[in-house]
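# A structural walkthrough
Spelled out from the first residue to the last, the chains are:
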Amino acid sequence: MGNTEYQAVVSSALEKHSRTEGGLLPILHEVQDALGFIPSDAIDLIGKTINRSRAEVHGVISFYHHFRSHKPGEHIIQVCRSEACQAMGAVGVIENLKDKLKIDFHETTPDGKITLEPIYCLGHCACAPAVMIDGVPKAKMSVARMNEIVDELRIKHDD
Ligand code: FES
């Protein structure tokens, strides 16, 4: 991502929402949707434009699990950590994933292929445990199926 691309995205989001009360969240959503994360430089620019301190903007980013402050990997695996999924085996899926990928939540494999993130209820509680792979929900996840998906994602990247 070049500087120009990131600046264009941030400027466009600011143009649309900076004069709106409560515009910070839509700005952050728009930047993350376009770039995959909120770059550190964008925090300064956003804060300056809407008259908030860097700490305030950063505080909002940290508060909402949805926002990322680091560039994610090529693929993003999100595992539901809410109650129904935890009760139906998400803990085993998570532990296996951390072990297989050798990373923790909010981290990316050193080759930049896969980022692992927690998510909190996808609305698929009846089909727990639920995960989201690159934005696509998958229900009734098992350790074996998860391992297959990880292997597929790794191959996909290598093509
Ligand atoms: S608790 Fe996991 S999808 Fe609702």
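Residues numbered from 1 in each chain as written. Predicted model: local features only at pLDDT ≥ 70, side-chain atom pairs only at ≥ 80, totals over all residues. Heavy atoms only, no water.

## Remarks on the domain arrangement of the protein chain
Per the domain assignment, the segments making up the protein chain are domain 1 (3-63) and domain 2 (75-158). When each unit is reduced to the centre of its C-alpha atoms, the spacing between domain 1 and domain 2 is 28 Å. (Domains from an automatic or database assignment.)

## Notes on the pairing of strand β1 (residues 75-80)
Burial within β1 is extensive, with 6 of its 6 residues counted as buried. Residues H75, I77 and V79 point to one face of β1 and I76, Q78 and C80 to the other, with burial holding for every one of them. Pairing geometry for β1 and strand β3 (residues 114-119), over 6 bridges, is parallel. Counterpart to Q78 in the pairing with β3 is E117. (Buried < 20%, exposed > 50% of the residue type's maximum accessible area, 1.4 Å probe, protein only. Helix = DSSP H or I, 4+ residues; strand = E, 2+ residues; numbered from the N terminus. Pairing = 2+ DSSP bridges.)

## Considerations on the pattern of salt bridges
Under the criterion given, the structure shown has 9 salt bridges. Across the pair E117 and R68 runs a salt bridge, and its minimum N-O distance is 2.4 Å. Within this pair, whereas E117 is found in strand β3, its partner R68 is found in the loop between α4 (54-63) and β1, the two being separated by 49 residues in sequence. Take R68: its relative accessible area is 14%, and that puts it in the buried class. (Salt bridge = Lys/Arg side-chain N within 4 Å of Asp/Glu carboxyl O.)

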